[in-house]
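Chains, contacts and geometry: an overview
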Amino acid sequence: MSPKLYILAGIPGCGNSTWARHFFYADMIVSTDEIRLELTGEVYNQEQNGVIFEEFHARLRERLYHGESAVADATSLTVSSREILRNIAESNSAEAHLIFFSDFVDGERRNLERERPVPEDAMQRMFEKFIDTQVAIKDEDYSSITYIARTV
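Here is a short report on the structure shown in this document. (Residues numbered from 1 in each chain as written. Predicted model: local features only at pLDDT ≥ 70, side-chain atom pairs only at ≥ 80, totals over all residues. Heavy atoms only, no water.)

With that settled, consider the pattern of salt bridges. Scanning the model with the defined rule gives eight salt bridges in all. A salt bridge links Arg125 to Asp121, with the nearest nitrogen and oxygen atoms 3.6 Å apart. Here Arg125 pairs with Asp121, and both are found in helix 6 (residues 120-136), just four residues apart, close to one helical turn. Assessed through its relative accessible area of 47%, Arg125 is described here as partly exposed. For Asp121, a relative accessible area of 48% translates into the label partly exposed. Where salt bridges share partners, they join Glu38, Glu55 and Arg59 into one cluster. (Salt bridge = Lys/Arg side-chain N within 4 Å of Asp/Glu carboxyl O. Helix = DSSP H or I, 4+ residues; strand = E, 2+ residues; numbered from the N terminus. Buried < 20%, exposed > 50% of the residue type's maximum accessible area, 1.4 Å probe, protein only.)

In structure tokens, the structure reads:
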């Protein structure tokens, strides 16, 4: 049985991390937020994104290489970010499954309830990427696409 890479995609606050913790084993989840916290001491520190994503991709590759399934917990709202993840899956003979969190309004509300919300201008950029993602994923190659309208 080949490993699977579950790619979570959605705006900040959409509930993807919470949802993943309910439906996957903790050791399967590779989270950019957790890596950012490990490496910078802050969940929202954007200064070292290059290093953060190198580590994110390396940890996913490692799991898949050893035949273990993984959950890629990041926003994944650009074509290029999802393409990198699909390539990681393909190069490790893993299936790529997209889980798209499609409720922007819920995510926006949750973001505002956070102790440190993502700034409004950044959320606007995320909304534009979110709209583009809804269209683009239909033409992307996945073993499956699951749409999550409401999260736990």
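From this point, the discussion proceeds with the structure in view.
The residue Asp73 is located in strand 3 (residues 70-73) in this model. Here Asp73 is buried and forms no salt bridge, its nearest opposite-charge partner Arg21 lying at an N-O distance of 5.7 Å. Of the polar contacts made by the side chain of Asp73, one reaches the side chain of Asn16; its length is 3.3 Å. Aside from chain neighbours lying at most four places away, what touches Asp73 is Leu8, Asn16, Ser17, Ile29, Val30, Ser31, Thr32 and Phe56. (Lys, Arg positive; Asp, Glu negative; His and termini not counted. Polar contact = N/O pair within 3.5 Å; in protein donor to acceptor, adjacent residues only side chain to side chain. Contact = heavy atoms within 4.5 Å.)

All right, on to the side chain of Asn16 then. Within the secondary structure, Asn16 is located in helix 1 (residues 16-23). Reaching out from Asn16, the side chain makes a polar contact with the backbone oxygen of Ala74 at a distance of 3.5 Å. Every residue in contact with Asn16, bar those within four places of it in the chain, is listed here: Leu8, Asp73, Ala74 and Phe101.

Roughly 1,100 Å³ of internal volume is contained in the largest pocket. Along its surface, the largest pocket is lined by 42 residues, and Pro12, Thr32, Asp33, Arg36 and Thr75 are the ones closest to its centre. Elements represented by at least two residues in the lining of the largest pocket include exactly helix 1, strand 2 (29-31), helix 2 (32-40), helix 3 (49-65), helix 4 (79-91) and helix 6. Among the residues making up the lining of the largest pocket, the classes are represented as 17 nonpolar, 15 polar and 10 charged. (1 Å grid on protein atoms, 1.4 Å probe; cavity = no way out; pocket = protein on both sides within 12 Å on 5 of 7 lines; lining within 4 Å. Points joined across faces, edges and corners; volume = space filled by probe spheres on them. Nonpolar A, V, L, I, M, F, W, Y, C, P; charged D, E, K, R; others polar.)

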